[in-house]
Each structure stands twice: as structure tokens, then as C-alpha cells.
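Structural characterization, general
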Amino acid sequence: GGLRALLRLPARQISDDFGLARAGVQRLQNALCLSIYAAEEGDERLLVCTAADIYERFSFLSLETNEAFWLASLDAANRLSEIFPIARGDSQAIHLDAADVLEACVARGARRVVAVHNHPGGSANASQQDLAFTRKLIRAARLLGVHLLDHVVVGHGVWSSMRDQALLPFDD
């Protein structure tokens with residue numbers, strides 16, 4: 001079934017089949033996601049004009065059985081510079097602090113970012129916890145000169161944009 005089939009395997013099965021500890025399983029799953037992204041990437045970097053453009057690069061998250069939080073870094077011309085994982089959770093939630101996200105931004109020099117995470121249950125609707133976390137992230141990011149442009153939630157073949165729904169005051 002290829003990389004996507006391997007990504008769909010439960011973490012426990014990957015651990016048992018490959019003899020990996022939890023951290024090793026997470027590294028393998030992140031590597032699989034990046035491999036899928038790299039295989040789909042064309043010669044030119046994607047110009048990001050809409051949340052649909054972000055979903056195009058993060059549709060692989062709809063295959064995840066656990067919640068995962070990623071960032072997309074954009075240059076000044078809104079071209080995708082880099083995507084990188086921040087954290088993985090379990091099938092119900094992800095435990096993440098705004099400081100973890102901003103530490104990764106600062107380390108990579110990412111100043112314009114879009115947050116992306118998935119809902120393994122299939123819904124792309126932002127939860128109250130998603131909104132509260134994103135509100136906190138927007139405020140903290142501004143203090144560091146990082147511009148959070150949107151937060152896209154990926155479900156099973158669907159996505160939603162908090163910016164498009166005007167749920168929070170994102171940066172331009």
C-alpha cells in the first residue's frame with residue numbers, strides 16, 4: 001500500500017512490527033508525512049493565495065489516525081518556504097503549548113506562518129479548544145514578530161479555515 005498505507009497503521013502496530021519506542025514511532029510518522037509531501041511537490045514552490053492552497057499541501061493529514069499539528073512557513077511573496085511538524089497527539093487530542101509552536105518558528109526564522117492540524121474523527125470544524133489555543137497563539141506570536149495568517153483544520157477529505165470563517169483576528 002505504500003507510504004500512505006504505512007502512515008495509516010496504528011502507532012502500537014508500528015511499534016510492535018518495527019520494534020520502535022514511542023519517540024521512534026513519532027519520528028517515523030513525521031518522516032512519512034514529509035516523504036509524501038516531497039513526492040507531491042513540483043519544481044516551483046506553491047503560491048499560497050487561499051486556504052485551499054494550504055489544504056493542497058496538507059491533505060495527507062486526513063490519513064492520520066492521531067492529531068498532528070504542523071506549520072507552513074511563507075515568504076514575503078506568499079510562496080511556501082517550508083512545512084514542518086510541531087507535535088503529535090493521540091486520536092482525541094494534542095497537548096501543545098504556544099511556546100512550542102513559537103520556539104519552532106524562531107529556530108527556523110519563520111515570520112509568516114499558517115497553522116494546520118487534523119481531526120482524526122473526520123470533522124473539519126474548529127473546536128472551542130482549537131479557537132482558544134489559536135487566540136493565545138496569535139497574541140504570543142505578535143510579541144515575537146511572527147505573523148499567524150490562518151489556522152486550517154483538516155478532516156477526512158475536507159478542511160476549514162478559521163480566517164475564512166472570520167473566527168479570529170488573524171494578521172495580514
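Reference entry: report on the structure contained in this document. Everything numeric here is computed off the predicted structure, so don't read it as measured data. (Residues numbered from 1 in each chain as written. Predicted model: local features only at pLDDT ≥ 70, side-chain atom pairs only at ≥ 80, totals over all residues. Heavy atoms only, no water.)

What about the environment of L149?
The residue L149 is located in strand β4 (residues 147–154) in this model. A relative accessible area of 9% means that L149 is categorised as buried. Separated by 37 residues in the primary sequence, L149 and R112 have C-alpha atoms spaced 6.8 Å apart. Discounting residues that sit within four places of it in the chain, L149 has contacts with L74, R112, V113, V114, R163, F170, D171 and D172. (Helix = DSSP H or I, 4+ residues; strand = E, 2+ residues; numbered from the N terminus. Buried < 20%, exposed > 50% of the residue type's maximum accessible area, 1.4 Å probe, protein only. Contact = heavy atoms within 4.5 Å.)

Focus: the side chain of E64
In this fold, E64 is placed in the loop between α4 (51–58) and β1 (68–74). Overall, the relative accessible area of 3% leaves E64 in the buried class. Among the polar contacts made by the side chain of E64, one reaches the side chain of R88 at a distance of 2.9 Å. Setting aside anything within four residues of it in sequence, one finds E64 in contact with L7, C33, R88, N118 and P120. (Polar contact = N/O pair within 3.5 Å; in protein donor to acceptor, adjacent residues only side chain to side chain.)

What about the pattern of salt bridges?
A side chain with one charge may pair with a side chain of the opposite charge, provided their charged atoms come close. According to the stated counting rule, one finds 5 salt bridges in the structure shown. Put simply, E64 and R88 hold a salt bridge, and the shortest N to O gap is 2.9 Å. Taken together, the residues E64 in the loop between α4 and β1 and R88 in strand β2 (residues 80–88) connect sequence positions 24 residues apart. You'll find E64 and R88 in the same group, each marked buried. A salt bridge links D172 to R163, with the shortest nitrogen-to-oxygen separation between them at 2.8 Å. Accessibility expressed as a relative area gives 73% for D172, which makes it exposed. On the accessibility criterion, R163 (31% relative accessible area) is partly exposed. (Salt bridge = Lys/Arg side-chain N within 4 Å of Asp/Glu carboxyl O.)

Details of the pairing of strand β3 (residues 112–118)
For β3, the tally of buried residues reaches 7 of 7 residues, placing the bulk of the element in the interior. Burial along β3 is two-sided: the face carrying R112, V114, V116 and N118 and the face carrying V113, A115 and H117 are both buried. Pairing between β1 and β3: 5 bridges, direction antiparallel. Bridging across to β3, W70 finds its partner in V116. Across 7 bridges, β3 lies against β4 in parallel orientation. Following the sheet pairing, N118 is matched in β4 by V154. A crossover links β3 with its parallel partner β4, the connecting element being helix α6 (residues 128–143), and its sense is right-handed. (Pairing = 2+ DSSP bridges. Right-handed = clockwise from strand over helix to strand, strands pointing away.)

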